[in-house]
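Chain by chain, the residues:
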Amino acid sequence: MSNILILYSTRNGQTLKICQRLQSVIEQHAHQVTLTPIAEADRMNLEAFDKIVIGASIHYGHHNPQVQVFINRNQSLLDSKPNAFFSVNLVARKTEKQQPATNPYLKKFLHRIRWKPKQLAVFAGKIDYPSYNRFDRFVIRVIMWITRGPTDPSAIVEFTDWDQVNAFGELISSMKIDG
């Protein structure tokens, strides 16, 4: 049994929902999972965990800056353990952008950090126009219009491929601990 930490950064809750699914899948393999917002990670004893997973959503083309700060501050610890990183973004709703090697946001992020996660994934997010403020609803609708996505201001569309999330949970469960 491994003690696994899943850190997350979410804007509208979909990344947390994905983390909760990962937790459920991983716990079916008798591992213990701690799910924590990345903003609270510095208050934890990171050494106590056997594996560390980080999940972060994209908002207007960028991950939360706290994610990069955490990674840079803890790179040697991350490198010393089995680890994984995943990005949640709406571009991944397109089949050709669902892989780490083809997702522009993940590729850009990985070029800006020195850490090389041992496992990577990209998951499509969710549009929830009714929950957005007026500005976000307008901007996201424009982006969706440009990229041929849903623009109905009353639309709630979940693009997340839960089978893909489940498979990533299985992969995390099976990551071997060195030593």
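Here the structure is a predicted model, which is why all the values come from computation and not from measurement.

*Asks:* Account for the nonpolar core, with residues named and values stated.
*Replies:* Grouped together as the largest cluster of nonpolar side chains are 23 residues, with contacts concentrated most on Leu 7, Ile 52, Ile 54, Val 67, Phe 70, Ile 71 and Phe 85. For this core, the elements supplying multiple residues, two or more each, are strand 1 (3–9), strand 3 (51–59), helix 2 (65–73), helix 3 (75–79), helix 4 (104–112) and strand 6 (119–124). By size, the runner-up hydrophobic cluster in this structure holds 19 residues, among which are Ile 18, Phe 123, Phe 168 and Met 175.

*Asks:* Residue-level account of the packing of aromatic side chains, with values.
*Replies:* Enumeration according to the criterion identifies seven aromatic pairs in this entry. On the basis of an interplanar angle of 15° and a centroid distance of 5.1 Å, the ring pair of Phe 85 and Phe 109 is categorised as stacked. Taken together, the positions of Phe 85 in strand 5 (residues 83–89) and Phe 109 in helix 4 put the pair 24 residues apart, joining distant regions of the chain. Each member of the pair, Phe 85 as well as Phe 109, is classed as buried. Between Phe 85 and Trp 115 the ring centres are 6.4 Å apart and the planes differ by 90°, which places this aromatic pair in the edge-to-face class. Placement of the pair is Phe 85 in strand 5 and Trp 115 in the loop between helix 4 and strand 6, with a sequence separation of 30 residues.

*Asks:* Give me the lowdown on a nonpolar patch on the surface, citing residues and values where you can.
*Replies:* Residues Phe 138, Val 142, Trp 145 and Ile 146 make up a contiguous nonpolar surface patch of about 490 Å² in total accessible area. Note that Phe 138 resides in helix 5 (residues 134–146).

*Asks:* Describe the environment of Ile 71, with residues and values.
*Replies:* In this fold, Ile 71 is placed in helix 2. It is 8.7 Å that separates the C-alpha atoms of Ile 71 and Arg 114, two residues lying 43 residues apart in sequence. When residues no more than four places from it in sequence are discounted, the contact partners of Ile 71 are Ile 54, Leu 78, Phe 85, Phe 109, Ile 113 and Trp 115.

*Asks:* If you had to explain the pairing of strand 6 to someone new, which residues and values would you point to?
*Replies:* In terms of strand pairing, strand 5 meets strand 6 through six bridges, oriented parallel. Bridge assignment links Phe 86 to a residue of strand 6, and that residue is Ala 121.

*Asks:* Any details on the side chain of Asn 89? Residues and values, ideally.
*Replies:* Structurally, Asn 89 can be placed in strand 5. Residue Asn 89 is classed as buried on the basis of its relative accessible area of 3%. Of the polar contacts made by the side chain of Asn 89, one reaches the side chain of Ser 87; its length is 3.2 Å. Engagement of the side chain of Asn 89 in a polar contact is seen with the backbone nitrogen of Ala 92, the distance being 3.1 Å. Those residues within four positions of Asn 89 in sequence are excluded, and the remaining contacts are Ile 58, Asn 103, Tyr 105, Val 122, Phe 123, Ala 124 and Gly 125.

Scoring rules and cut-offs
Residues numbered from 1 in each chain as written. Predicted model: local features only at pLDDT ≥ 70, side-chain atom pairs only at ≥ 80, totals over all residues. Heavy atoms only, no water. Core = buried A, V, L, I, M, F, W, Y, C linked by side-chain atoms within 4.5 Å. Buried < 20%, exposed > 50% of the residue type's maximum accessible area, 1.4 Å probe, protein only. Helix = DSSP H or I, 4+ residues; strand = E, 2+ residues; numbered from the N terminus. Phe/Tyr/Trp six-rings, centres within 6.5 Å; stacked < 30°, edge-to-face > 60°. Patch = residues over 30% accessible without salt bridge, like charges linked within 9 Å, V, L, I, M, F, W, Y side chains within 5 Å. Areas by Shrake-Rupley, 256 points an atom, 1.4 Å probe, with all protein chains shown as cover. Salt bridge = Lys/Arg side-chain N within 4 Å of Asp/Glu carboxyl O. Contact = heavy atoms within 4.5 Å. Pairing = 2+ DSSP bridges. Polar contact = N/O pair within 3.5 Å; in protein donor to acceptor, adjacent residues only side chain to side chain.

This is a description of form; function is not addressed.
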